[in-house]
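# Structural description and commentary
In case you want the letters, here they are:
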Amino acid sequence: MEHVAPPAWVMLAYLISGVFFISALRGLSSPATSQRGNRFGMAGMLIAVVTTLVTHEVASLPEILGAIAIGGGIGWVTARKIAMTDMPQLVAAFHSLVGMAAVLVAAAAFLNPVAFGIVGADGLINPVSRVEMGLGIAIGAITFSGSVIAFLKLAGKMSGAPILLPLRHVINLSTLAAILGLIGYFTVDQSPWIFWTVTALAFLIGFLLIIPIGGADMPVVVSMLNSYSGWAAAAMGFTLHNTAMIITGALVGSSGAILSYIMCKAMNRSFISVIAGGFGAEAAVSNGEAKEQRPWKRGSAEDAAYMMQQAESVIIVPGYGMAVAQAQHILREMADVLKKQGVSVKYAIHPVAGRMPGHMNVLLAEASVPYDEVFELEDINSEFAQADVAFIIGANDVVNPAAKTDKTSPIYGMPVFDVDKAKTVFFVKRSMGGVGYAGVDNDVFYMDQTMMLLADAKKMCEDIVKALQH
């Protein structure tokens with residue numbers, strides 16, 4: 001049974017949905033237009049879903065409506081209840097669902113190829129469709145198992161440190177070679193054992209690829225898995241002969257790949273080095289050694305309030321600790337008070353701050369921080385030398401000068417903020433015992449101009465606001 005080309009209006013509807021998706025990506029490129037971008041994406045998805053349901057007898061109407069109600073209800077409740085601190089693991093969980101969807105569609109197509117119109121005159125699945133099916137199920141399975149591990153790491157259900165297996169590179173390369181070889185063999189022999197072996201190996205390699213990755217590489221992992229989910233959807237779009245899926249998958253896959261490249265460049269890392277093992281691998285080996293005891297100065301909320309009141313310019317560097325403490329709203333209130341007193345306040349956002357791309361931008365936008373006060377690393381880094389105060393709240397790795405000076409450090413070569421050049425540094429963290437996600441100590445703690453503000457980030461900002469208003 002050969003595939004029959006869809007009517008012209010269907011192709012036009014899918015094209016329009018694709019234009020909406022492209023507009024959505026364009027809108028999401030800036031916080032100022034992100035809401036409009038979301039609306040474009042929703043409109044494009046509505047057109048694509050309705051068109052597919054009208055033209056495909058996939059199930060009865062009650063079954064379709066029931067599935068939409070269940071999925072939509074889960075999504076709505078989750079979006080309403082999820083805390084901003086849990087957004088990275090939510091994104092990882094969503095990636096896993098996209099990957100599993102690709103696996104299930106590929107399995108359905110393999111088990112019932114006639115319904116998908118991919119059977120040739122010889123009664124066998126078309127060789128091209130077998131390649132699409134094999135790639136779709138492989139990428140989907142890798143995305144699913146990899147996203148599950150990323151979710152567990154981000155949620156603290158398993159150690160965020162790299163788990164280094166012996167001969168992991170040999171195992172990974174051998175498994176990937178076996179998957180590609182079997183997909184090639186699948187084109188000449190569609191035996192079920194080949195299909196299910198590819199599926200099993202793909203689930204395994206997704207697990208093996210992500211467990212060695214930890215530390216500051218986790219934002220790249222989230223972006224990478226996002227890209228994988230897109231390519232999985234695109235591959236299954238070819239199998240389903242669905243233009244909208246191909247367009248959407250290609251957009252997600254390519255944009256995720258570009259974002260991963262940008263983030264790797266921001267960390268002076270190669271994509272291959274991220275896959276080979278994450279930041280913190282070396283630190284994890286030496287965790288048992290006693291750390292050098294060095295003198296440091298403890299400050300108070302009153303100290304911070306006084307020094308920032310006297311300052312002309314304050315640069316705030318937020319990190320994951322701010323997200324955990326949900327301190328973004330009180331931080332914005334602190335900045336508002338300072339601005340009323342004539343102090344210039346700016347926010348410095350590192351490309352890999354937090355646990356996912358854009359994590360800090362989303363939190364600051366939620367707290368209604370003006371967009372023109374938020375700057376990327378390359379736009380603001382030179383200003384630290386003229387800044388009176390650098391206020392670091394919950395960040396660590398992205399301000400660690402070891403990235404510039406210590407060739408033995410696992411974060412060496414990663415571009416970081418030059419907070420050590422500021423006249424005064426206030427560093428908000430819970431205790432001196434904790435280190436960043438990469439597991440590396442920070443020389444900024446011990447600088448002469450640094451005062452450590454050891455407390456919950458939200459509580460410390462609340463105390464600073466009280467001191468500023470007195």
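Bear in mind the structure is a predicted one, so any value in this text is a computation, not a measurement.

## Let's talk about the sheet that holds strand β1 (residues 313-318)
Within the open sheet, the six strands sit side by side as β3-β2-β1-β4-β5-β6. Their pairing is parallel. Both edges of this open sheet fall to β3 (374-376) and β6 (450-454), since each of them pairs with a single strand only. If you compare each strand with its neighbour and ignore which way they point, the axes differ by 25° on average.

## Some details on the confidence of the model for the protein
On average, residues of the protein score 84 in pLDDT, and 90% of them are at 70 or above. Low pLDDT, under 50, characterises residues 279-290; the predicted model gives this stretch 20 contacts beyond four residues in sequence or across chains.

## Topic: the nonpolar core
In terms of nonpolar packing, the biggest core is built from 41 residues, with M308, I316, L331, M334, F391, I393 and I464 touching the most fellow members. Considering every element that reaches this core, the biggest residue donor is helix α18 (residues 457-469), with seven residues. With 40 residues, the next largest nonpolar core counts I194, V198, V221 and M224 among its residues.

## Focus: α18
Taking 1.5 Å of rise per residue, the 13 residues of α18 would be expected to cover 18 Å, and the 19 Å separating its terminal C-alpha atoms lies within 8% of that figure. Those residues of α18 not exposed but buried are A457, M460, C461, I464, V465, A467 and L468. Burial along α18 is one-sided: seen end-on, the buried residues are contained in an arc of 165°. Exposed positions of α18 whose direction lies more than 90 degrees from the buried face are K466 and Q469. Those residues of α18 that are buried lie in contact with α12 (301-310), α13 (320-325), α14 (328-340), β4 (389-393), β5 (424-429) and β6. The opening residue of α18 is D456, an N-cap whose side-chain oxygen sits 3.1 Å from the backbone nitrogen of K458.

## So, a nonpolar patch on the surface
A surface patch of nonpolar side chains, about 520 Å² in accessible area, is lined by M45, V49, L53, L61, L65 and I68. Of all the secondary structure elements, the ones that give two or more residues to the nonpolar patch are α2 (34-55) and α3 (61-81). Residue position: L65 is located in helix α3.

## Topic: helix α1 (residues 8-28)
Turn by turn, an α-helix covers 3.6 residues, leaving residues three or four places apart pointing in a common direction. The terminal C-alpha atoms of α1 lie 30 Å apart, and with 21 residues this matches the ideal 30 Å at 1.5 Å per residue to within 8%. Every buried residue belonging to α1 is among V10, A13, Y14, S17, G18, F21, A24 and G27, and all of these are buried.

## Digging into unusual backbone geometry
A positive phi is found at Q326, a non-glycine position, where the angle reads about 55°. Secondary-structure assignment places Q326 in the loop between α13 and α14. Positive phi, normally seen in glycine, also occurs at S368, with a value near 65°. Within the secondary structure, S368 sits in the loop between α15 (359-366) and β3. Given a relative accessible area of 54%, S368 falls into the exposed group.

## A look at the packing of aromatic side chains
All chains considered together, the criterion is met by ten aromatic pairs. Centre to centre, the rings of F110 and F186 are 6.0 Å apart; their planes meet at 45°, and the pair counts as tilted. Note that F110 is positioned in helix α4 (residues 87-111) and F186 in helix α6 (residues 168-186), a separation of 76 residues in sequence. For the pair shown, F110 and F186 are each scored as buried.

## Side note on the pairing of β5
Buried residues dominate β5, accounting for six of its six residues. Residues of β5 alternate between two faces, with T424, F426 and V428 on one and V425, F427 and K429 on the opposite face, all of them buried. In terms of strand pairing, β4 meets β5 through five bridges, oriented parallel. When the sheet's bridge partners are listed, V389 is paired in β5 with T424. Inspection of the sheet shows β5 paired to β6 by five bridges, in the parallel sense. Across the sheet, the residue bridging to F427 is M452, located in β6.

## Details of the pairing of strand β2 (residues 344-349)
In terms of strand pairing, β1 meets β2 through four bridges, oriented parallel. Within the sheet, the bridge partner assigned to V314 lies in β2 and is V345. Alignment of β2 against β3, held across three bridges, turns out to be parallel. Looking at β3, one finds that I349 is bridged to E376. A crossover links β2 with its parallel partner β3, the connecting element being α15, and its sense is right-handed.

Here is what the cut-offs are and how they apply
Residues numbered from 1 in each chain as written. Predicted model: local features only at pLDDT ≥ 70, side-chain atom pairs only at ≥ 80, totals over all residues. Heavy atoms only, no water. Pairing = 2+ DSSP bridges. Helix = DSSP H or I, 4+ residues; strand = E, 2+ residues; numbered from the N terminus. Axes fitted to C-alpha atoms, helices over the stretch in contact; angles between N-to-C directions. pLDDT = per-residue confidence, 0-100. Contact = heavy atoms within 4.5 Å. Core = buried A, V, L, I, M, F, W, Y, C linked by side-chain atoms within 4.5 Å. Buried < 20%, exposed > 50% of the residue type's maximum accessible area, 1.4 Å probe, protein only. Expected span 1.5 Å × (residues − 1). Arc of directions from axis to C-beta. Polar contact = N/O pair within 3.5 Å; in protein donor to acceptor, adjacent residues only side chain to side chain. Patch = residues over 30% accessible without salt bridge, like charges linked within 9 Å, V, L, I, M, F, W, Y side chains within 5 Å. Areas by Shrake-Rupley, 256 points an atom, 1.4 Å probe, with all protein chains shown as cover. Salt bridge = Lys/Arg side-chain N within 4 Å of Asp/Glu carboxyl O. Phe/Tyr/Trp six-rings, centres within 6.5 Å; stacked < 30°, edge-to-face > 60°. Right-handed = clockwise from strand over helix to strand, strands pointing away.

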